[in-house]
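Analysis of the macromolecular model
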Protein chains: 2
Amino acid sequence: MANTLRAIPLSTVERLSIYLRTLRESLVEGMDFISSTEIGKRNDFTAAQVRKDLSCFGNFGIKGTGYQISELINTLETILGLDREWKVAIFGLGKLGGALACYKGLKSARFNVVAIFDVDPKKVDKTYKNIPVYHSDMLKKVVREKKIQIAIIAVPTDSAKATIQRIIDAGIKGILNFTEARVPYPDEYILKNVNLAGELESISYYLIHSDL
Amino acid sequence: MANTLRAIPLSTVERLSIYLRTLRESLVEGMDFISSTEIGKRNDFTAAQVRKDLSCFGNFGIKGTGYQISELINTLETILGLDREWKVAIFGLGKLGGALACYKGLKSARFNVVAIFDVDPKKVDKTYKNIPVYHSDMLKKVVREKKIQIAIIAVPTDSAKATIQRIIDAGIKGILNFTEARVPYPDEYILKNVNLAGELESISYYLIHSDL
């Protein structure tokens, strides 16, 4: 099973996160059941897309009735690994690193920032928003002691390649990279690049190709 | 033509940004031509996906030779609207807004932050990194005068809905939303939500469903 689920494309998994958010919103609105059409409509996907994505993981819907919301929330949380706490480290305590350390959405999604790494003597060996800040030289030791599983990269781009390589060497298998550096990584690792300029590029595309 | 291109799915457009980055990198490496296989390999897509995406916009490749890199860069820049400058405003000068205002990747991609909006009397009517900071009450006037086309939302989540509504009313048609607020928007607008916790959710998925 592990292998099959590992082979599911990133874009499908990312849509699960989106569906999960919609399910939580509809539960707050007092709904018990929701259709694939409604999930799709709220996120600009077709109903067929929603059904196809969910069917990768099991048979959840009831024909004519839709999905039982609280049940599907539990299932998706388990599939996405949100039924447990994840230990996260932020690399780089600049503006972006600081913003991410404060970001409440991480903690509520059970991504717990337990360490920050930096090289600035003015920042290390202190705490930031109650999170301990370590010198990057301490990486291997802290990762082992705190059982850190996910690294968020917010260092300056020119030091990002070296930082990511050291994180891989330290055995952190999940990496979210906010820099523009692109680094090859072993198969059993998952590295996602967040491309902020790229997010704007697709907006500019639609602005140009709109009739307005 | 505008209508056809408008109908191309966001995921395809987002991949164009990724291909463009790969093309620029390969140009720096001294390459003249690149195959769809190589573009795919560098980004974890199949060659067929790359060819299919690019074929939405024209016939670019030469069979057996691949794509002429500098030519395809120019074409993709035009398609994505990167052959012109875009005027961007950031809403909310907290940590994230400040990080985005400093983010060099935006300017180099021709997204020029020309205004920041906030409501804090300590922040408004000053400049931040040479960018003027306005009170949100000035929104309509500043948007008109500075011809702002794209808004980046980095306000606290509980004021995001109202902020986005006012931005829509002011006629800014492209919106990149970093908050967790979800707001319906008119068809001729493009609103993209950046979901930071969701980025981590797909990492946790692969960590769980890995064999390691």
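Our structure's up above, just so we're on the same page.
A few points on the structure. Computed from a prediction, not measured in an experiment: that's the story for all the values here.

What follows covers the interface of chain B and chain A. With 66 residues of chain B at the interface, the matching set in chain A holds 66 residues. With both chains or domains summed, chain B and chain A bury close to 6,000 Å², and 65% of this area falls on carbon and sulfur atoms. Three residues, Leu200(B), Tyr205(B) and Tyr206(B), lead the burial of chain B against chain A; their summed loss comes to 12% of the area buried on that side. The interface formed by chain B and chain A includes two salt bridges. Note that Glu199(A) is salt-bridged to Lys192(B), the shortest N-O span being 2.7 Å. For the interface between chain B and chain A, the tally reads 17 residue pairs in polar contact (both at pLDDT 80 or more). The dominant element in the side of chain B that touches chain A, judged by the number of residues it contributes, is helix H10 (residues 196-208) of chain B, at 13 residues.

Our focus in this paragraph is the relation of the copies chain B and chain A. The two copies are related by a screw operation: chain B maps onto chain A through 180° of rotation and 0.0 Å of translation along the axis, at an RMSD of 0.0 Å. These values place the two chain copies in the arrangement generated by a two-fold rotation axis. Here 100% of the interface residues in chain B have copies in chain A that are interface residues too; the copies meet face to matching face.

Let us look at the packing of helix H2 (residues 10-28) of chain A against H10(B). The description of two helices packed together rests on the angle between their axes and the distance between the axes. At a closest axis distance of 9 Å, the pairing of H2(A) and H10(B) adopts a crossing angle of 125°. With respect to H10(B), the axis of H2(A) lies oblique. Crossing of H2(A) against H10(B): the hand is right-handed. Together, Leu10(A), Val13(A), Glu14(A), Ser17(A) and Leu20(A) of H2(A) and Gly198(B), Glu199(B), Glu201(B), Ser202(B), Tyr205(B) and Tyr206(B) of H10(B) make up the contact between the two elements. A per-class count over the contact of H2(A) with H10(B) returns five nonpolar, three polar and three charged.

So, how was this worked out
- Here the residue index of a chain counts from 1 through its sequence in written order.
- Chain letters and ligand numbers both follow the written order, the letters beginning at A and the numbers at 1.
- Only residues with pLDDT of at least 70 get local features here, since the model is predicted, and only at 80 or more are side-chain atom pairs given and counted; chain-wide, interface and lining totals rely on the full set of residues.
- Where side-chain values are given, they derive from all heavy atoms of the structure, hydrogens and water being excluded.
- In this analysis, two residues are considered to be in contact whenever any of their non-hydrogen atoms come within 4.5 Å of each other.
- The term buried area means the drop in 1.4 Å probe accessible area that two parts suffer when joined, counted for both and summed.
- Whenever a carboxyl oxygen of Asp or Glu lies within 4 Å of a side-chain nitrogen of Lys or Arg, that contact is scored as a salt bridge.
- The definition of a polar contact used here is a pair of N or O atoms within 3.5 Å, where within protein one atom must be able to donate a hydrogen and the other to accept one, and adjacent residues in sequence count solely through side-chain atom pairs.
- Secondary structure is summarised from DSSP: a helix means a run of H or I of at least four residues, a strand means a run of E of at least two, and numbering begins at the N terminus for each.
- The superposition of copies rests on a least-squares fit of C-alpha positions from residues with pLDDT of 70 or more in both.
- The convention used is that axes are lines fitted to C-alpha atoms, helices contributing only their stretch in contact, and that angles between N-to-C directions extend from 0 to 180 degrees.
- Any angle from 65 to 115 degrees is called roughly perpendicular, while one under 35 is roughly parallel, one over 145 is roughly antiparallel, and all others are oblique.
- Note on convention: the crossing is left-handed when the near helix lies turned anticlockwise from the far helix by less than a right angle, right-handed when the turn is clockwise.
- Residue polarity is assigned by list, with Asp, Glu, Lys and Arg as charged and Ala, Val, Leu, Ile, Met, Phe, Trp, Tyr, Cys and Pro as nonpolar; anything else, Gly included, falls into the polar class.

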